[in-house]
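# Understanding the architecture of this molecule
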Amino acid sequence: MDSENDASTPAINVPIIWILGGPGSGKGTQCDRIVAKYGFTHLSSGDLLRNEVSSGSSRGQELSAIMERGELVPLEVVLDLLREAILSALPTSKGYLIDGYPREKEQGILFEKTIAPVNLVIFYDASEATLVERLLGRAKTSGRVDDNEETIKKRLNTFNTHNDQVVQQYTDKLKRIHAERSTDEIFAETSQHIDELLGQFAK
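All of the points below concern the structure found in this document. (Residues numbered from 1 in each chain as written. Predicted model: local features only at pLDDT ≥ 70, side-chain atom pairs only at ≥ 80, totals over all residues. Heavy atoms only, no water.)

## A few points about the overall build of the chain
- Looking only at helices and strands, the chain has eight helices and five strands in total.
- Counted from the first residue to the last, the chain has its helices and strands arranged as β-α-β-α-α-α-β-α-β-α-α-β-α.
- With the C-alpha coordinates of the chain rotated into their principal frame, the extents come out at 45 × 45 × 30 Å.
- Here the contacts in the chain between residues at least 6 apart in sequence split such that 76% fall between residues at least 24 apart.
- Accessible area for the chain stands at about 10700 Å²; split by element, carbon and sulfur atoms hold 49% of it. (Helix = DSSP H or I, 4+ residues; strand = E, 2+ residues; numbered from the N terminus. Contact = heavy atoms within 4.5 Å. Areas by Shrake-Rupley, 256 points an atom, 1.4 Å probe, with all protein chains shown as cover.)

## Comments concerning the environment of S25
- Along the chain, S25 turns up in the loop between β1 (16–21) and α1 (27–38).
- Residue classification places S25 among the buried residues on the basis of a relative accessible area of 4%.
- Separated by 153 residues in sequence, S25 and H178 have C-alpha atoms that sit 9.6 Å apart.
- Not counting the four nearest positions on each side in its chain, S25 is found in contact with Y124, L131, R134 and A179.
- Polar contacts involving the side chain of S25 include one to the main-chain carbonyl oxygen of G22, which spans 2.8 Å. (Buried < 20%, exposed > 50% of the residue type's maximum accessible area, 1.4 Å probe, protein only. Polar contact = N/O pair within 3.5 Å; in protein donor to acceptor, adjacent residues only side chain to side chain.)

## Focus: the pattern of salt bridges
- Applying the stated rule across the entire model yields ten salt bridges.
- A salt bridge links R33 to D184; the shortest N-O distance between them is 2.9 Å. Here R33, found in helix α1, pairs with D184, found in helix α8 (residues 183–202); they are 151 residues apart in sequence, far enough to count as distant.
- Each of E52, R59 and E84 takes part in a single network of salt bridges with overlapping partners. (Salt bridge = Lys/Arg side-chain N within 4 Å of Asp/Glu carboxyl O.)

## Digging into the sheet that holds strand β5 (residues 174–178)
- Pairing is parallel in the open sheet, where five strands are placed in the order β2-β3-β1-β4-β5. Among the strands making up the open sheet, the edge pair consists of β2 (41–44) and β5. The average undirected angle you get between the axes of adjacent strands in this sheet is 20°.
- As defined by bridge partners, β1 adjoins strand β3 (residues 96–99) across four bridges and the pair is classed as parallel. In the strand pairing of β3, I17 is matched with L97. (Pairing = 2+ DSSP bridges. Axes fitted to C-alpha atoms, helices over the stretch in contact; angles between N-to-C directions.)

## What to know about helix α3 (residues 58–68)
- When we look at burial in α3, the residues that qualify are G60, L63, S64 and I66. In a view along the axis of α3, the buried residues occupy a sector of 165°, so they form one face of it. The exposed set on the far side of α3, more than 90 degrees from its buried face, consists of S58, Q61, E62 and E68.
- Considering only its buried residues, α3 is in contact with α2 (45–55) and α4 (75–89). (Arc of directions from axis to C-beta.)

## A few points about the packing of aromatic side chains
- A complete count under the given rule lists six aromatic pairs for this structure.
- With centroids separated by 5.4 Å and ring planes inclined at 80°, the aromatic side chains of W18 and F111 adopt a geometry described as edge-to-face. Taken as a pair, W18 in strand β1 and F111 in helix α5 (residues 105–114) lie far apart in primary sequence, 93 residues in all.
- The buried category is assigned to W18, whose relative accessible area is 0%. (Phe/Tyr/Trp six-rings, centres within 6.5 Å; stacked < 30°, edge-to-face > 60°.)

## Notes on the pairing of β1
- With six of six residues buried, β1 is to be regarded as a mostly interior element.
- Neither face of β1 is open: one carries I16, W18 and L20, the other I17, I19 and G21, and all of them are buried.
- Pairing analysis gives five bridges linking β1 to strand β4 (residues 120–125), with the strands arranged parallel. Across the sheet, L20 pairs through a bridge with F123, a residue of β4.

## Considering the nonpolar core
- Core analysis: the biggest nonpolar cluster contains 33 residues, and I16, W18, Y96, I98 and F111 have the highest contact counts within it.
- Breaking this core down by element, the ones donating at least two residues are β1, α2, α3, α4, β3, β4 and α7 (149–169).
- The contacts of I16, once residues within four sequence positions are left out, are Y96, I98, F111, A116, P117, V118, N119 and L120. (Core = buried A, V, L, I, M, F, W, Y, C linked by side-chain atoms within 4.5 Å.)

See below:
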């Protein structure tokens, strides 16, 4: 175990993969397919936050208040939720797929310091024009209030600003996958990278 790791976190001897991609990049679809093929534990920081809020716990109530004020949830809280989810699944997990995380460089540094090093970072890369077009298409059926062109462009701008820093931090573990192709082509390339990683774990 890394000497810097929190003493209370047991060694995690299965792959940890971060999945990055802008809104509309198709990472949710790819995560579903990865889970179906490899049986990995799929964790989304957004889902964990929403679940905590809906649980009605005291932490959930605090989170709800923060979100209602439009403020960002503290990095440590997201990290705690991820750590709890990772450890609860550890006895049976074949690997972890952490979706939409880290959203900024500091989150990644904290995760590696207190939980475990990441083994692979997959970034589904699509142009802003493609993402805007996809999200506007989704808006016609989703009814989401944040799926209008102005808000979409703001969300993409925020994502790009933070994601660039994350990508630069992990150049040695990063696999950038061109996400403007068919779902099958993207998944074939994704599987290739995961198979290579699993091969290293098998040694």
